[in-house]
Amino acid sequence: MNAPLINWYKFSSPATFYPLAGKLIPWFAAATILLAAVGLWISFFVAPTDAQQGEGYRIIFVHVAASWMSMFIYCVMAFWSAMCLSFNTRLSGMMASALAPTGAMFAFLSLLTGSLWGKPMWGAWWVWDARLTSQLILFFLYLGFMALQSAIDDPRRADKAGAILSLVGVINVPIIYFSVQWWNTLHQGASVSMTKSPSMAQTMLWGMLIMALAFWAYSITMALLRVRCIILEREMTNEWVKKNALE
Amino acid sequence: MSAFFVPFKQSVQRDLLLAARHKTELITALFFFVIVVNLLPLGVGPDPELLRKIAPGILWIGALLATLLGLQRMFAPDHADGTLEQMALSPQSFTVLVAGKITAHWLVAGVPVVLMAPLLGLQFDLSARSLWVLTLSFLLGRPVLSLIGSVGAALTLGVRGGGVLLSLLILPLYIPALIFGAGAVEADLAGLSIEGHMSLLAALAVLSAFFGPWVTTFALRIALE
């Protein structure tokens, strides 16, 4: 048996992950700043003005990336929750709770930018479109997860209860999405289709992708920062914290 | 088979007996449903056209809220006096006992709502056919509410501010049942086929009946740790 190149299990312990996270944070923070600068430069100066929507469309660079991240972070949270329940590792639960506020922030940002975009384009702050509605519900699911975790005092129980909730949520998200979509098509009221958007220019696509990467790096930075705080909070009484971390 | 049915039956019987000894709880939740549904016309005006249009939504939302009201009591009293722990330790399958408790909750809190729904539907001037559809939608959909709700009740067991928290956790998960339940009645009012809605509602019921007790048991074990 060859020894594996990297022993992944080594970093499943908070004591070894804490310094690793500390080393990774500056890199991801730098990547965030760099990518966001390039992405914003493209979205404000390089991308051409849209023929139909004018300059107002530029908010979409933030909006689309934020929506992607809010959904993706929920899946990552569910992944760590599954790890937490199946392997009973402490760090997985901490990761899940470290990701939740960032995900909720992105869900909120996507709703906010969406309504700011919707007012000039559709003439309404809010329409009951399937995507908007399910994004709102996703935001509620994040809030529920955080509320449940903060209501339980015992951190181990909080982790596991939150893990069950996020797994139940992740199964329900597609069901909710399709039911809302069907509900929306049944009520053919003031339906504004977002799917019939005109094909995008190449530079717009690049701007969006780079913004998405910037948000990705931002999420990792924030999650690592937060998980370090959680580790310190929970392991306060342990020997290694006193010895190494609080120097 | 008796390993399943005997403890299941006993669990249901026990909870029904307990409910029969505390009739007020049962009646309070039912009257909450009636009052919420009756307050809405007072809020939006007595126009029969409008009321007929919003009746399915109002009745379903009333039922969701009434379900939330009784959910916390599903496990809390047994948790408080230690019965739940004994159930978890007993040689019988804990999941079966929990399934019994959920069934009893549905019988106690759900069936009265199903029976009351057509009566309230009459107040909204629904046709006889629509009343049947309404009852059928509750018959299929109300167990879903109990089953999903039991997961939330187990997760918030003994937690600070559990009642409010429970509604925050559970209401977003009730959305599909609400859409298809109220949608079936609306489709009938609009003269469309109700088959699609009913099939999906039945699918939700089967899915939650399969996973609900299992996930609830898991959550209860965490709460009892």
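Residues numbered from 1 in each chain as written. Chains lettered and ligands numbered in written order. Predicted model: local features only at pLDDT ≥ 70, side-chain atom pairs only at ≥ 80, totals over all residues.

Caption draft 1: Main features of the confidence of the model for chain A. In this model, chain A carries an average pLDDT of 81, and 86% of its residues clear a pLDDT of 70 or more. Here residues 189–193 of chain A scores under 50 on pLDDT; set against residues more than four positions off or in separate chains, the count is five contacts. (pLDDT = per-residue confidence, 0-100. Contact = placed C-beta atoms within 7 Å.)

Caption draft 2: Broad picture of the environment of B:Leu192. Note on placement: B:Leu192 falls in the loop between α9 (175–189) and α10 (195–224). Between the C-alpha atoms of B:Leu192 and B:Gly110, which are 82 residues apart in sequence, the distance is 27 Å. (Helix = DSSP H or I, 4+ residues; strand = E, 2+ residues; numbered from the N terminus.)

Caption draft 3: Region of interest: the interface of chain B and chain A. With 20 residues of chain B at the interface, the matching set in chain A holds 22 residues. Broken down by secondary-structure element, the contributors of at least two residues to the side of chain B that touches chain A are α7 (128–155), α8 (162–170), α9 and α10 of chain B. A per-element tally of the side of chain B that touches chain A places α9(B) first, with five residues. Taken together, the residues of the side of chain B that touches chain A break down into 16 nonpolar, two polar and two charged. (Nonpolar A, V, L, I, M, F, W, Y, C, P; charged D, E, K, R; others polar.)

Caption draft 4: Main features of the nonpolar core. Formed by 138 residues in total, the largest nonpolar core has its most connected members in B:Tyr174 and B:Ala219. Beyond its immediate sequence surroundings of up to four residues, B:Tyr174 is in contact with B:Leu64, B:Leu145 and B:Ile148. (Core = buried A, V, L, I, M, F, W, Y, C linked by C-beta atoms within 7 Å. Buried ≥ 20, exposed ≤ 12 C-beta atoms within 10 Å, placed from the backbone.)

Caption draft 5: Spotlight on the packing of helix α2 (residues 23–44) of chain B against helix α3 (residues 48–71) of chain B. Residues and elements named next belong to chain B. For the pair α2 and α3, the least separation of the axes is 9 Å and the interaxial angle reads 150°. It follows from the interaxial angle that α2 and α3 lie roughly antiparallel. By crossing handedness, the relation of α2 to α3 is classed as right-handed. Across from Glu25, Ala29, Phe32, Phe33, Val36, Val37, Leu40, Pro41 and Val44 in α2, the residues of α3 making contact are Leu50, Leu51, Ile58, Leu59, Gly62, Ala63, Leu65, Ala66, Leu69 and Gly70. Broken down by class, the residue content of the contact of α2 with α3 amounts to 16 nonpolar, two polar and one charged. (Axes fitted to C-alpha atoms, helices over the stretch in contact; angles between N-to-C directions. Parallel < 35°, antiparallel > 145°, perpendicular 65-115°, else oblique. Left-handed = near helix turned anticlockwise from the far one by under 90°.)

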